[in-house]
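# Structural characterization, general
Residues per chain are reported as follows:
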Amino acid sequence: MANSSQARKRARQAEQRRRHNASFRSAMRTAIKKVVRPIQAGDKQAAADAFKAAVPVIDSAVSKGLIHRNKAARHKRRFNADIKAMP
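So, here is what we can say about the structure in this document. (Residues numbered from 1 in each chain as written. Predicted model: local features only at pLDDT ≥ 70, side-chain atom pairs only at ≥ 80, totals over all residues. Heavy atoms only, no water.)

What follows concerns helix H3 (residues 69-85). Along an α-helix, residues three or four positions apart point the same way, because every turn accommodates 3.6 residues. Taking 1.5 Å of rise per residue, 17 residues should cover 24 Å, and H3 covers 24 Å from first to last C-alpha, within 8% of that figure. When we look at burial in H3, the residues that qualify are Ala72, Phe79 and Ile83. Burial along H3 is one-sided: seen end-on, the buried residues are contained in an arc of 40°. Across H3 from its buried face, at more than 90 degrees, point the exposed residues Arg77, Arg78, Lys84 and Ala85. (Helix = DSSP H or I, 4+ residues; strand = E, 2+ residues; numbered from the N terminus. Expected span 1.5 Å × (residues − 1). Buried < 20%, exposed > 50% of the residue type's maximum accessible area, 1.4 Å probe, protein only. Arc of directions from axis to C-beta.)

Given below as C-alpha cells:
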C-alpha cells in the first residue's frame, strides 16, 4: 500500500481511471459485436446500420488512448470490406 499522501492519491486516481477505461472498453467491444453478428448472419442492412453506429465509438476509443489507431483502422476496414462483399 502507498505510504505518502501523494502516492495514496495517485492510487485512487489510477483506480478511478481503470474503472472508467474498463467501462468504455466494454462499450466499444459491445459495439464491435453488434457489427459482427449481422455480418455472420448475412443481414447486410443491419450490419451497415451497426457499422455506422460503431465507427464513432471506435474512433473515440482511439482519441481516449484505449486502443491504437491502427487497430481501429483495421476493424473499420475489415467491417467495411465484409459488408461490401455481402450480396
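Next comes the rest of the account.
A contiguous patch of positive charge, built from Arg29, Lys33, Lys34, Arg37, Lys71, Arg74, Arg77 and Arg78, is present on the exposed surface. Looking at the positive patch, the elements with two or more residues in it are helix H1 (5-41) and H3. Here lysine 34 shows up in helix H1. (Patch = residues over 30% accessible without salt bridge, like charges linked within 9 Å, V, L, I, M, F, W, Y side chains within 5 Å. Areas by Shrake-Rupley, 256 points an atom, 1.4 Å probe, with all protein chains shown as cover. Salt bridge = Lys/Arg side-chain N within 4 Å of Asp/Glu carboxyl O. Lys, Arg positive; Asp, Glu negative; His and termini not counted. Charge placed at Lys NZ, Arg CZ, Asp CG, Glu CD.)

With that out of the way, let us pick up the environment of arginine 18. Here arginine 18 is to be found in helix H1. Between the C-alpha atom of arginine 18 and that of methionine 1, which follows or precedes it by 17 residues, the distance is 17 Å.

Right, let's get into the packing of H1 against H3. Their axes nearest at 11 Å, the elements H1 and H3 cross at an angle of 25°. In terms of their interaxial angle, H1 and H3 are classed as roughly parallel. Taken as a pair, H1 and H3 cross one another with a handedness that is left-handed. Residues Ile32, Val35, Val36 and Ile39 of H1 form the contact with H3, whose participating residues are His75, Phe79, Asp82 and Ile83. Counted by class, the contact of H1 with H3 contains six nonpolar, one polar and one charged residues. (Axes fitted to C-alpha atoms, helices over the stretch in contact; angles between N-to-C directions. Parallel < 35°, antiparallel > 145°, perpendicular 65-115°, else oblique. Left-handed = near helix turned anticlockwise from the far one by under 90°. Contact = heavy atoms within 4.5 Å. Nonpolar A, V, L, I, M, F, W, Y, C, P; charged D, E, K, R; others polar.)

The subject of this paragraph is the packing of helix H2 (residues 44-63) against H3. Helices that pack against each other are described as a pair by the angle of their axes relative to one another and the distance between those axes. At a minimum axis distance of 10 Å, the contact between H2 and H3 shows a crossing angle of 170°. The angle between the axes of H2 and H3 places the two elements in the roughly antiparallel class. Of the residues in H3, those in contact with Lys44, Ala47, Ala48, Phe51, Val55, Ile58, Asp59 and Val62 of H2 are Arg69, Ala72, His75, Lys76, Phe79, Asn80, Ile83 and Lys84. Across the contact of H2 with H3, the residue classes break down as nine nonpolar, two polar and five charged.

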